[in-house]
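Here is how the chains run, residue by residue.
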Amino acid sequence: MRKGWKKPNAILLCIVLSCVVFVAACSNNSEAPNNGNTEGGQTATNQPQEDVFTEVGTYPIVNKQLTLKMFAPQLPTIENMETNAFTKHLEEKTNIKIAWDLVPNNALEDRKQLMLASGDYPEVILHGNLTREEQMKYGKQGVFLPLNDLIDKYAPTIKKALEDIPYMKSSITSPDGNIYALPQINECYHCDNALKLWINKAWLEKLGLQLPTTTEEFYLVMKAFKEQDPNGNGKKDELPLTGSDEMWAGNVSAYLMNAFIVDDYTEKNAGTFLSVKDGKVDFAANKDEWKQGLEYLNKLYAEGLIDPAAFTQNADAIQQLANREPDNIMGAATTALISYGYNMTETQPRHKDYVTLPPLKGPNGVQQTLNFAGISKSQFAITNKATEEQQIAAIRLADYLYTEEAIVLQENGPEGKGWRKAADGELDIDGKPAKYANIQQESKQTHNDGWEQIGPSLRTYEYRSSWMAIQDPLADGGYGTRLNTESKKYESFHSKEMYPNGVFIAQEDAEIAAQLKTTIVDYTKSNMAQFITGSKDISKEWDAYVKGFDGLQLGQYIDIYQKALSTP
C-alpha cells in the first residue's frame, strides 16, 4: 500500500457508487428501443424487431396485433365500418386492428383540409381523394411519407402493378421522384373510350343509309334525319344531333372536332386544349385545323342539324328529349353512356335503336378519339404519425388490398352471398369462360357486406372482364356486354397527340397553371360557341380571336405543361 493513502470514509464511497450507477442507467436508457411515435414518424430503432412481422407475401402480416388509425368516408349505404364483413375479414387476415377516423362522405373534402392543416390526422389516410397538388404539398412538408422504398421492400403486388400498367408510375410519381399516395386503378373499356356518339340505326335503315364514316357523310346523314321524316310522324320534329356539356363526354363539338385536330374538352371543366407531337406541347385551338373544324360545326348548326340547346342544356334535358312520347325525335347524341338518355328496360325498348359511331375521318385524313386511361387522384397515404412498424404494416395492408382476393370481397361481400365462382359454361363479357358471377340479392338501401370501393384497389381490364355476363347485348341485363362491344370500336383510333392524363404540375407552377388554364379555356370555349352559333363571323373575326391569346399568357401556359411532361 502506497504511503500516505488514507481509506475513504463510508459516506464518500456511497456517493461515488451512486453516481456510477446513475450514469450507467442513463447510458442504458439511451440505447433502449422507443415503441412510441417520435418526430417524423420514426421509431428510435433502425429496424423494427424481426419477430413483429411475418415473411412478405404471407399472412397474417404481424404476429402480435397492431393497431392503425385510418381516415375514410362513411358511405350512407354502409351500416357500420367497424362490424363490416370486409373489415372483419381484413383484421383477421392481417392481424391489424383498424381504428376508424370516419367522416360523412359529403363532408370528406372539408374534413380532409381541416385535419391536414391542423396536424390532427391519423397514421393512415385510407381514402382521401388526394389531388396531385395535395400530394406534392404535404409530401414536401413531410406530412405524407415517401412510399417508394416501402413498396420496393414490402409490397410485391403494388410493385408488379407499377411494372405492368404503363401509365401508373408516371401518374403517381411527383416531380421530386417520390410516390406519396396510392390510387384506385379501375380500368374499363367504356370509361377509357368515353367520347362516343350514339346514332339511331333504325332511322338509318328506314332511310336506306349506311353508318357514315367521314365528316361529309355524317353531314349528309344528319341532313336526311332532319328532312326525310325518319320517325314517320309526318312532322319535321327530329333533332339530328344533340348533347350536353353537363353529361359525361357529352360535348358535341369534341367528338366532331377530333376529325380535324385533337380536342380534349369533352364535358364541363374537363380539358386543356393542348396537344403533343414528337414530345413538344402545343395549343390546338388557334390552329388552321381548329378553324376548319369550327367552320364545319357552324355549317351543321346553321342548317339546324345540331340542337341549339346542345351547348347550354343539362343532362336532365337529354332524358326528357330521349323519352318524349309518342315519337322518338333524337337522331344522335354524344355521351359516354346511352343510358344517360334512354330508360334501359324491356318495356321501354327505344334505346335498342342506337349503336355507337366510330370516329369520323376528316377532310385531311384525321381519324382519332381520346384515351382517358390514367389516374387523376389517389387515395392511400401514410403520414408522419406512423411509427416504422406501422409504416411497414400499412404498406403491406395496402398491398393486400391490391390483390384480387381482396377486391372481390371488399366490393361484393362474402362468397356465397354477393358472389360465387362461375359455373362451367358461363361466359364473361368477352365470351370467354367466366371466373366469377354475381348473386342477385334483394334490393336494400344499406348493407354491411363490404366497402364498395373505399381505399386503394386494382381492378384491371382482365379482372373486370372476368365476371359472368349476359351475352346478348340487347337483352335485359346485357348492357355491360353492349358497352364493352361498342367501346372496342374506338380502341384502334386513340389519338397520338392527346396531352396525357395524370401528369404532375410542379408545385411551384401549380397555382399559376390553374389560373392560366381557367382563363384560356374559358376564352376558347366562349369564342367556340360564338363561332359555331354564328354570333361571331369566323371569316372576319378569326385573326382577332387568335391575337387575343397574346394577352392571356398562352406561351407560359404551354411552357408549364411542357415542363411537366418533360420531367422524368
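Residues numbered from 1 in each chain as written. Predicted model: local features only at pLDDT ≥ 70, side-chain atom pairs only at ≥ 80, totals over all residues. Heavy atoms only, no water.

Trainee: How do you make sense of the sheet that holds strand 10 (residues 381–382) when you look at a structure like this?
Mentor: Within the open sheet, the four strands sit side by side as 2-1-3-10. Their pairing is mixed. Of all strands in the sheet, those with a lone pairing partner are strand 2 (96–104) and strand 10, marking the two edges. Sheet topology note: the strand 1 (residues 66–74)/strand 3 (residues 124–125) ladder contains two bridges and is parallel. Counted as the bridge partner of F71 is I125 from strand 3. Contacts from helix 14 (residues 388–401) reach strand 1, strand 2, strand 3 and strand 10, with the element oriented near 55 degrees to strand 1. (Pairing = 2+ DSSP bridges. Helix = DSSP H or I, 4+ residues; strand = E, 2+ residues; numbered from the N terminus. Contact = heavy atoms within 4.5 Å. Axes fitted to C-alpha atoms, helices over the stretch in contact; angles between N-to-C directions.)

Trainee: Looking at this model, I keep getting lost on the layout of surface pockets. Mind explaining?
Mentor: Volume-wise, the largest pocket comes out at about 1400 Å³. In this structure, the largest pocket is lined by 43 residues; those nearest its centre are R132, I375, S376, N501 and G502. Residue assignment for the lining of the largest pocket shows that the elements contributing at least two residues are helix 4 (132–140), strand 4 (184–186), helix 8 (189–192) and helix 18 (507–533). Per-element accounting of the lining of the largest pocket gives the leading share, four residues, to helix 18. Across the lining of the largest pocket, the residue classes break down as 20 nonpolar, 14 polar and nine charged. Quantified by volume, the second largest pocket comes out at close to 1000 Å³. Along the wall of the second largest pocket there are 34 residues; nearest its centre are E411, N412, N438, R464 and W467. The set of elements that each furnish at least two residues to the lining of the second largest pocket consists of helix 8, helix 15 (404–412), strand 12 (436–438), helix 16 (461–465) and helix 17 (479–487). (1 Å grid on protein atoms, 1.4 Å probe; cavity = no way out; pocket = protein on both sides within 12 Å on 5 of 7 lines; lining within 4 Å. Points joined across faces, edges and corners; volume = space filled by probe spheres on them. Nonpolar A, V, L, I, M, F, W, Y, C, P; charged D, E, K, R; others polar.)

Trainee: Would you mind showing me how to read the side chain of H351 here?
Mentor: Note that H351 resides in the loop between strand 8 (332–334) and strand 9 (354–356). Excluding its chain neighbours within four sequence positions, the residues that come into contact with H351 are Y342, N343, M344, T345 and R482.

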